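Remarks on the overall topology
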Amino acid sequence: MPETAARAELRRVLGPWSAAAIVVGTIIGSGIFLVPKAMVASVGSPGAVFVVWIVGGLLSLCGALCYAELAAAMPEAGGEYVYLREAYGPVWGFLCGWTQTWVAKSGSIASMATGFFYYLANFVPALETTAFLIRLPIGPGGGPLEIRYGQFLAVAVILFLALLNYWGTRLGGGVQVVTTAAKIGLLGAIIALGLFSGRGSWTNLQTHTNAAGGAAGFLVALVAALWAYDGWNNLGMAASEVQRPQRNLPLALLAGTLTVIAVYLAANLAYFFVLPAGDAAASDRVAAEMMRRVAGPAGAGAVSIAAMISIFAALNGAILTGARIPFAMARDGRFFRQMGRVSPAHGTPGAAIVLVCLWASLLVFSGRFEQLFTYVIFANWLIFAMGATAVLVLRRRRPELPRPYRTPGYPLLPALFALAALAVVAATLVNSPRESLMGAGVILTGLPFYFYWKRRELC
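Everything in this summary refers to the structure shown in the same document. Counting restarts for each chain: residues are numbered from 1 in the order of the written sequence. In view of the model being predicted, local features appear only for residues whose pLDDT reaches at least 70, and side-chain atom pairs are presented and counted only at 80 or more, with totals across whole chains, interfaces and linings using the full set of residues. Only heavy atoms go into the side-chain values, all of them from the structure, while hydrogens and water stay out.

Helix and strand assignments come from DSSP, with helices taken as H or I runs of at least 4 residues and strands as E runs of at least 2, each series counted from the N terminus. Each helix and strand counted, the chain has 20 helices and two strands in total. Buried residues in the chain amount to 56% of all 459 residues. Residue contacts are counted whenever heavy atoms from the two residues lie within 4.5 Å of one another. Counted over contacts in the chain with a minimum sequence separation of 6, partners at least 24 positions apart contribute 81%. As used throughout, the charge tally considers Lys and Arg to be positive and Asp and Glu to be negative, leaving His and the chain termini uncounted. Where a charge lies is defined by one atom per residue type: Lys uses NZ, Arg uses CZ, Asp uses CG and Glu uses CD. Averaging the positions of the 32 positive and the 18 negative side-chain charges in the chain gives two centres separated by 4 Å. Exposed residues in this analysis have more than 50% of their type's maximum accessible area, buried residues have under 20%, and partly exposed residues fall in between, with area computed by a 1.4 Å probe over protein chains only.

Here we take up the nonpolar core. Nonpolar side chains in soluble globular proteins tend to be buried together. We call a set of buried residues a nonpolar core when its members are Ala, Val, Leu, Ile, Met, Phe, Trp, Tyr or Cys and they connect through side-chain atoms within 4.5 Å of each other. By size, the foremost hydrophobic cluster in this structure holds 151 residues, and its most contacted members are Phe33, Met39, Trp53, Leu235, Tyr264, Met290 and Trp381. At 15 residues, the largest contribution of residues to this core is made by helix 4 (residues 46-73). Once you skip the residues sitting within four places of it in the chain, Met39 turns out to touch Gly44, Val49, Val52, Trp53, Ala221, Ala224 and Ala225.

Attention now moves to the packing of helix 4 against helix 17 (residues 377-397). Closest axis-to-axis distance for the helix 4/helix 17 pair is 10 Å, and the angle between their directions is 45°. The angle between helix 4 and helix 17 falls in the class oblique. The crossing of helix 4 and helix 17 is left-handed. Together, Leu59, Cys66, Tyr67, Glu69 and Leu70 of helix 4 and Trp381, Ile383, Phe384, Gly387, Ala388, Ala390, Val391, Leu394 and Arg395 of helix 17 make up the contact between the two elements. Lys, Arg, Asp and Glu make up the charged group, whereas Ala, Val, Leu, Ile, Met, Phe, Trp, Tyr, Cys and Pro make up the nonpolar group; the residues left over, Gly among them, are polar. Across the contact of helix 4 with helix 17, the residue classes break down as 11 nonpolar, one polar and two charged. Interaxial angles span 0 to 180 degrees and are taken between N-to-C directions of axes, which are lines fitted to C-alpha atoms, for helices over the stretch in contact. Any angle that is under 35 degrees is reported as roughly parallel, and any over 145 degrees as roughly antiparallel; angles of 65 to 115 degrees are reported as roughly perpendicular and all others as oblique. By convention the crossing between two helices is left-handed if the near helix lies anticlockwise of the far one by an angle smaller than a right angle, and right-handed if it lies clockwise.

As a further point, take the side chain of Asn268. Here Asn268 lies in helix 10 (residues 245-274). Ignoring any residue separated from it by four or fewer positions in sequence, one finds Asn268 in contact with Ile32, Pro36, Val49, Phe50 and Trp53.

Our next topic: the packing of aromatic side chains. Note on aromatic contacts: the rings of Phe and Tyr and the six-membered ring of Trp form a pair at centre separations within 6.5 Å, being stacked when their planes are under 30 degrees apart, edge-to-face when over 60 apart, and tilted otherwise. A complete count under the given rule lists 27 aromatic pairs for this structure. Measuring from ring centre to ring centre gives 6.2 Å for Trp102 and Phe335, while their planes differ by 50°; the resulting arrangement is tilted. A residue pair is termed long-range when its members are at least 10 positions apart, and Trp102 in helix 6 (residues 90-120) and Phe335 in the loop between helix 14 (324-331) and helix 15 (350-366) qualify at 233 residues. Across the pair, exposure class does not vary: Trp102 and Phe335 are buried alike. Cluster of aromatic residues (ring-pair linked, three or more members): Phe94, Trp98, Trp102, Phe335, Phe336, Trp359, Phe449, Tyr450, Phe451, Tyr452 and Trp453. Ring-over charges, as used throughout, are those where CZ of Arg or NZ of Lys falls within 6 Å of the ring centre and within 35 degrees of the ring normal. Its end group placed over the ring of Tyr119, Arg285 keeps NZ or CZ at 5.5 Å from the ring centre. If you follow Arg395 out to its NZ or CZ, it ends over the ring of Tyr410, 3.8 Å from the centre.

This brings us to the environment of Ala328. Inspection of the secondary structure assignment puts Ala328 in helix 14. Classification of Ala328 as buried rests on a relative accessible area of 7%. Along the backbone, Ala328 and Val274 are 54 residues apart, and their C-alpha atoms lie at a distance of 48 Å. Apart from the residues lying within four places of it in its own chain, the contact partners of Ala328 are Ala77, Gly78 and Tyr81.

What follows concerns the packing of helix 3 (residues 31-43) against helix 4. Helix packing geometry: the angle between the two helix axes and the distance between the axes. The interhelical angle for the contact between helix 3 and helix 4, taken along N-to-C directions, is 120°, at an axis separation of 9 Å. Relative to helix 4, the element helix 3 lies oblique. As helix 3 packs across helix 4, the resulting crossing turns out to be right-handed. On the side of helix 3, the interface is formed by Ile32, Val35, Met39, Val40 and Val43, while helix 4 contributes Ala48, Val49, Val52 and Trp53. The residue inventory of the contact of helix 3 with helix 4, partitioned by class, reads nine nonpolar, no polar and no charged.

For Leu186, the location among the structural elements is in helix 8 (residues 169-196). Of the residues examined, Leu186 reaches a relative accessible area of 30% and is grouped as partly exposed. In the structure, Leu186 is positioned 143 residues away from Met329 in sequence and 38 Å away in space, judged by C-alpha atoms. Those residues within four positions of Leu186 in sequence are excluded, and the remaining contacts are Ala306 and Ile309.

Put plainly, a disulfide is one covalent bond tying together the sulfur atoms of two cysteines. By definition, disulfides here are pairs of cysteine sulfur atoms that lie within 2.5 Å. Across all of its chains, the model carries zero disulfides by this definition. Free cysteine: Cys66, not disulfide-bonded; nearest cysteine sulfur from Cys62 at 7.0 Å. Cysteine Cys96 shares no disulfide, and the gap to the nearest cysteine sulfur, in Cys66, comes to 15 Å. Given the relative accessible area of 4%, Cys96 is considered buried.

The next point concerns the pattern of salt bridges. Put simply, a salt bridge is a Lys or Arg side-chain nitrogen that is within 4 Å of an Asp or Glu carboxyl oxygen. Counted under the stated rule, the structure contains 14 salt bridges. Between Glu69 and Arg403 there is a salt bridge, and its shortest N-O distance comes to 3.4 Å. Placement of the pair is Glu69 in helix 4 and Arg403 in the loop between helix 17 and helix 18 (412-431), with a sequence separation of 334 residues. Per residue, the accessibility class of Glu69 equals that of Arg403, and both read buried. One salt bridge in this structure joins Arg85 and Glu86, with 2.9 Å as the shortest N-O distance. A residue is classified by how much of its surface remains accessible, and Arg85, at 14% relative accessible area, is buried.

Next comes the structure, spelled out in structure tokens:
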């Protein structure tokens with residue numbers, strides 16, 4: 001059985017709808033319900049917020065166009081791990097995969113699962129109750145670590161989705177299609193109620209509120225928007241399981257990203273049709289406040305349900321795609337060998353799924369996963385920049401590589417996206433130097449392990 005598992009390959013069972021649902025479902029999480037507050041508080045007006053959403057959407061679309069060429073040319077498990085390995089060498093691919101495995105993907109899974117319990121706590125307040133305290137200086141700020149009942153629920157959700165994805169990629173893809181369709185339907189209903197309830201006014205779109213403004217305010221709002229757009233790169237991690245990858249990968253990336261841009265713009269139109277800028281800036285949950293004014297407390301509750309379904313879909317997509325990174329590294333002999341095994345019965349990288357989900361569960365209990373995720377923003381955008389320039393590098397180094405899809409506007413578009421990504425990296429370094437340096441430290445911790453596995457490979 002071990003030899004069979006080691007030789008087994010992942011199966012191409014994800015059709016075009018599953019692929020598109022992974023793109024849409026992993027991008028749309030909780031961000032669209034929360035970030036408009038920070039955005040309008042930074043730029044001061046709904047008009048400026050729309051500009052930020054459009055700029056962030058176009059930037060994400062440029063990234064998706066670059067990754068579409070890479071994914072179609074190299075439809076393997078691992079996504080950016082593969083792109084950086086082929087363009088810059090194995091050490092860069094490993095450091096990317098190392099960071100994604102231990103912080104970026106696992107931290108994202110932990111964050112989303114905790115967000116799920118936060119919204120459920122609107123209906124079950126006991127979830128916010130402290131179960132017990134660990135009286136050691138291991139909590140946030142060096143204080144005791146507080147464990148709440150909701151954290152056990154968050155872990156249960158992670159493990160439930162881990163089981164579904166362990167049982168079969170086709171099942172995980174089916175769950176992704178159903179939950180993504182549900183979230184789009186609920187968001188569509190929220191948008192329609194906001195726009196056609198008669199409780200708003202188009203003059204609200206011309207209101208203003210006190211804000212930082214200027215280039216600094218625009219940058220803060222753009223970072224919030226980019227967080228809401230995050231996830232457009234995930235599909236490539238599961239490329240080895242997509243049917244007809246040369247066609248379906250680019251199609252899903254482009255159609256999925258464009259769909260999200262349209263949904264985000266429509267949602268913000270509904271928010272600001274009902275809420276003037278000052279009210280939106282004063283509300284922690286803009287979507288819930290808009291629905292409260294339109295439909296009362298039941299409307300605000302409906303937003304919590306929509307947010308939970310949205311997070312559930314994003315969480316499923318993150319588990320499905322994130323587990324393929326340690327799997328790909330293990331297949332190259334640069335990670336724990338067991339992580340490269342495929343279940344002969346289910347055709348899934350079961351050990352890698354278990355690893356990522358158990359580590360994410362520990363991060364849920366650590367109380368520090370949000371800080372971990374902040375540390376890796378610097379690393380993530382550095383990876384995006386390197387991914388875009390990989391298009392340029394591989395056109396020169398691997399001209400013979402089949403490219404069924406080519407990035408439009410080459411070489412200008414990849415170069416501009418890489419420069420924009422580096423600008424985000426630089427801004428993060430200036431505004432959050434401690435977190436950025438710690439993010440760089442996370443990357444560098446992988447070097448000793450890389451050389452260890454490389455030495456074992458040569459023996």
